[in-house]
Amino acid sequence: MPKSELLQISPDQEGNNYLFDPTHSGFPNFGVKLKVVNGTVLASNPDIGYLHKGLEKLMEYRTVIQNAVLTDRICMFDPYNWNLIHAEAIEQLSGIEVPERGKYLRMVMAELSRIQSHILWFGVLSLSLGAESGFQTAMTYRDFLLNLFEVVSGGRVYPAGYICPGGVRWDLPVGGEAQVAIAIDQAEEFLQVIKPTIEQAVAPKTTGLGILLKDNAIKLGATGPVLRASGIQSDVRKDDPYELYDQLDFEIPVMQAGDAYARCMVRIQEIAESAKICRQIVDKMTPGEVKNSPTSLNYPVNIPPGEVYARCETARGEGAIYMKSNGGWAPYRSKIRGPDLQHMLPVLGHLLDGAKIDNVAAIYWSLDICPTSVER
Amino acid sequence: MNIRFEYEAIALPERYRGAPQLNLEQCISCGLCVAICPNKALKRILVDQEFQTNFPFTYPRVNVRKCCFCGLCQDICPVGAIRMTKHVLLATKEPAGLITGPTPKYAD
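Let us look at the structure shown here. (Residues numbered from 1 in each chain as written. Chains lettered and ligands numbered in written order. Predicted model: local features only at pLDDT ≥ 70, side-chain atom pairs only at ≥ 80, totals over all residues. Heavy atoms only, no water.)

1. Topic: the overall build of chain A
Right, so step 1: The secondary structure content of chain A amounts to 15 helices and 8 strands.
Right, so step 2: The C-alpha atoms of chain A give 21 Å as radius of gyration, which agrees with the globular expectation for 376 residues (21 Å, within 12%).
Right, so step 3: Expressed along its principal axes, the backbone C-alpha trace of chain A runs to roughly 65 × 45 × 35 Å.
Right, so step 4: Across the 376 residues that make up chain A, the buried fraction comes to 59%.
Right, so step 5: Counting contacts in chain A only where the partners sit at least 6 residues apart, residues at least 24 apart contribute 71% of the total.
Right, so step 6: Summed over all atoms, the accessible surface of chain A reaches about 14,400 Å², with 53% contributed by carbon and sulfur.
Right, so step 7: Averaging the coordinates of the 35 positive side-chain charges in chain A and doing the same for the 44 negative ones gives two points 3 Å apart. (Helix = DSSP H or I, 4+ residues; strand = E, 2+ residues; numbered from the N terminus. Rg over C-alpha atoms; globule rule 2.2 N^0.38 Å. Buried < 20%, exposed > 50% of the residue type's maximum accessible area, 1.4 Å probe, protein only. Contact = heavy atoms within 4.5 Å. Areas by Shrake-Rupley, 256 points an atom, 1.4 Å probe, with all protein chains shown as cover. Lys, Arg positive; Asp, Glu negative; His and termini not counted. Charge placed at Lys NZ, Arg CZ, Asp CG, Glu CD.)

Right, here's the structure in full:
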């Protein structure tokens, strides 16, 4: 039977239609329509729902600094990396140089944001697998990082364009380096604390589920941890280094199995690697300017005409902004390319075919999709 | 971190951005904050007629309901007239109370 016919809800066909949506405890704010026979998923149809925010259109009539604030909203789990992508795009178009301390601060906050995102992901994964202690542990340790974000940028979740074109909005407060070091210690402590949860809850319930082979991962457009769990070493920080990542010593975790457990372990190992990066940066940081031209970018400045494709490694994969400017004070077009659309529509649909309905939530959370980033 | 709400104060860091507040006596009516506000939460209006002899220009009115607490107005203000306060408990039964100013301090 063709797949397109299965997706239509019709009482004549064999099997049952299910809607996995926010009413299910293991699912976030979007739904997946499933065609199920004897507990096996025959076809799936992800339904984004009402998440469209129109961010790309909003960016077309806002100035540079206003867009920096707006880019927080692309993905609430990982706002610093999206700030960074927008800042990179404007800097490549305008040729603005960033001071060294500004670059280091950007990298520290981007890596801490990645750690925070992975910790939150681990919490929700454990919750969907029925291990609530993992969720509570994760939320506790995420709170330490949020406290640091609040001290540095003034916002717990949304940094309000902390990483802006030209540098960062504020330097670390007095004693900030020590607080960053404490936050890194707490992130590494988290890795020790969750070991029993991984062994007893995550490993038995994710091993062998949703296997994504190497060829399929490339064909379906997977990036980030999902691609690396299928045995492909691909990371924008290594392949196309931005900021000062080429001066740092870190590894890219790669797993060969391609199943849900491999995707989980890649992220767990990434927390350790990000902590390593932060520790190196804190040692290297020297006092200095954090922002080029402290005030001038606040005013509506004309963006030089041209096109640019700026990309960075966000917590979920490769994020990018294609920006075109005609020389006005706002970009003519900015196309946001998040990793989550590929993970949600082609990859999730591919992995759910033939899966047991019990495992749908585990497979979904192993991909770590941010629904708000799917539909900007 | 848990606190006993209403009995204990919330510990806020120095850079915390609460509701913005305008100090009319310092304002020079340049309009930069109105121009930079991403959400158009600030609007220039005249003060009440009885104060117009001392404050003859248009001054920003703050609509906290539209505010995204980015703090750009505070950054750009050349005289420091508009500030992000530590006012964090904004829930109210009277939403009109969240639209503040511009009123001189001695009006109360």
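The rest of the description comes next.
2. Describing the sheet that holds strand 2 (residues 42–46) of chain B
All names here are of chain B.
Right, so step 1: Strand order across the open sheet formed by 3 strands is 2-3-5, with antiparallel pairing between neighbours. Of all the strands in the sheet, just strand 2 and strand 5 (99–100) have a single pairing partner and so form its edges.
Right, so step 2: Of the pairings in the sheet, the one linking strand 3 (residues 58–63) to strand 5 comprises 2 bridges and is antiparallel in character. Residue pairing in the sheet places V62 in a bridge with T100 of strand 5. (Pairing = 2+ DSSP bridges.)

3. So, the interface of chain A and chain B
Many structure descriptions define interface size as the accessible area lost when the parts assemble.
Right, so step 1: Each side of the interface is counted separately: chain A has 22 residues, and chain B has 18 residues.
Right, so step 2: Here chain A packs against chain B, burying approximately 1,500 Å² in sum over the two surfaces, 51% of which is carbon and sulfur.
Right, so step 3: The partner of R169(A) in a salt bridge is D75(B), and the shortest N-O contact between them spans 3.0 Å.
Right, so step 4: Applying the counting criterion to the chain A and chain B interface returns 9 residue pairs in polar contact (both at pLDDT 80 or more).
Right, so step 5: Of all elements in the fold, only helix 3 (64–70) and helix 6 (132–153) of chain A reach the threshold of two or more residues within the side of chain A that touches chain B.
Right, so step 6: Here the residues of the side of chain A that touches chain B are counted per class, giving 11 nonpolar, 5 polar and 6 charged. (Buried area = accessible area lost by both parts, 1.4 Å probe. Salt bridge = Lys/Arg side-chain N within 4 Å of Asp/Glu carboxyl O. Polar contact = N/O pair within 3.5 Å; in protein donor to acceptor, adjacent residues only side chain to side chain. Nonpolar A, V, L, I, M, F, W, Y, C, P; charged D, E, K, R; others polar.)

4. Thoughts on the pattern of salt bridges
All names here are of chain A.
Right, so step 1: Overall, the coordinates contain 23 salt bridges over all chains when judged by the stated rule.
Right, so step 2: The salt bridge partner of R228 is E313, with a shortest N-O separation of 3.1 Å. With R228 in helix 10 (residues 224–228) and E313 in strand 6 (residues 306–313), this residue pair connects regions lying 85 residues apart in the sequence.
Right, so step 3: Judged by relative accessible area, which is 2%, E313 ranks as buried.
Right, so step 4: Between E273 and K276 there is a salt bridge, with its nearest N and O atoms 3.5 Å apart. Of the two residues, E273 and K276 both sit in helix 12 (residues 260–284), 3 residues apart, roughly one turn of that helix.
Right, so step 5: Look at K276 and you get partly exposed, because its relative accessible area is 30%.
Right, so step 6: One salt-bridge network, held together by shared partners, links E111, R114, R228, D235, R237, E270 and E313.

5. Description of unusual backbone geometry
Right, so step 1: Of note, the phi angle at A160(A) is positive, near 55 degrees, even though the residue is not glycine.
Right, so step 2: When you line up the elements, A160(A) lands in the loop between helix 6 and strand 4 (163–164).
Right, so step 3: At F69(B), a position not held by glycine, the phi torsion is positive, near 60 degrees.
Right, so step 4: Take F69(B): it is sitting in the loop between strand 3 and helix 2 (72–76).

6. A short note on the pairing of strand 3 of chain B
Right, so step 1: Pairing of strand 2 of chain B with strand 3 of chain B involves 5 bridges; the strand directions are antiparallel. Bridge assignment links L42(B) to a residue of strand 3 of chain B, and that residue is V62(B).

7. What to know about the packing of helix 8 (residues 195–206) of chain A against helix 12 of chain A
Residues and elements named next belong to chain A.
Right, so step 1: In the contact formed by helix 8 and helix 12, the axes pass within 7 Å of each other and the chain directions differ by 140 degrees. Here helix 8 is positioned oblique relative to helix 12, judged by the angle of their axes. Residues I198, V202, A203 and T206 of helix 8 form the contact with helix 12, whose participating residues are A260, Y261, C264, M265 and I268.
Right, so step 2: Tallied by class, residues from the contact of helix 8 with helix 12 come to 8 nonpolar, 1 polar and no charged. (Axes fitted to C-alpha atoms, helices over the stretch in contact; angles between N-to-C directions. Parallel < 35°, antiparallel > 145°, perpendicular 65-115°, else oblique.)

8. Thoughts on the nonpolar core
Right, so step 1: Counting 108 residues, the largest nonpolar core has L34(A), L112(A), Y162(A), F190(A) and L348(A) as the members making the most contacts within it.
Right, so step 2: Once residues within four sequence positions are removed from consideration, L348(A) is found in contact with F30(A), V32(A), H343(A), I363(A), Y364(A), L367(A) and I369(A).
Right, so step 3: Core analysis: the second largest hydrophobic core is formed by 21 residues, C37(B), L42(B), A81(B) and M84(B) among them. (Core = buried A, V, L, I, M, F, W, Y, C linked by side-chain atoms within 4.5 Å.)

9. Let's talk about helix 14 (residues 360–367) of chain A
Residues and elements named next belong to chain A.
Right, so step 1: Burial within helix 14 is extensive, with 8 of its 8 residues counted as buried.
Right, so step 2: Within helix 14, the full set of buried residues consists of V360, A361, A362, I363, Y364, W365, S366 and L367.
Right, so step 3: Within two residues after helix 14, D368 carries a phi angle of roughly 55 degrees, on the positive side.

10. Description of the sheet that holds strand 8 (residues 333–337) of chain A
All names here are of chain A.
Right, so step 1: On the basis of which strands lie adjacent, the open sheet formed by 3 strands has the order 6-7-8 and antiparallel pairing. At either end of the open sheet lies a strand with only one pairing partner, and these are strand 6 and strand 8. Recorded for the sheet is a direction-independent mean angle of 10 degrees between the axes of neighbouring strands.
Right, so step 2: In the packing of helix 4 (residues 79–94) onto the sheet, contacts are made with strand 6, strand 7 (318–325) and strand 8, and the angle to strand 6 comes to roughly 150 degrees.

11. Quick look at the packing of aromatic side chains
Geometrically, a pair of aromatic rings is defined through the distance of the ring centres and the angle of the planes.
Right, so step 1: A full pass over the atoms with the stated rule returns 11 aromatic pairs over all chains.
Right, so step 2: Ring geometry for Y364(A) versus W365(A): centroids 5.0 Å apart, planes at 80 degrees, classification edge-to-face. Pair check on accessibility: Y364(A) and W365(A) agree, each one buried.
Right, so step 3: Each ring, one from F55(B) and one from Y59(B), has its centre 6.1 Å from the other, and the planes form 85 degrees; the classification is edge-to-face.
Right, so step 4: Given the relative accessible area of 10%, F55(B) is considered buried.
Right, so step 5: Here the aromatic cluster, defined as three or more aromatic residues joined through ring pairs, consists of W121(A), F122(A), Y141(A), F144(A) and F190(A).
Right, so step 6: Note that R73(A) overlies the ring of Y158(A), its terminal NZ or CZ placed 4.1 Å from the centroid.
Right, so step 7: The ring of W121(A) is capped by R267(A), whose NZ or CZ atom sits 5.0 Å from the centre of that ring. (Phe/Tyr/Trp six-rings, centres within 6.5 Å; stacked < 30°, edge-to-face > 60°. Lys NZ or Arg CZ within 6 Å of the ring centre and 35° of its normal.)

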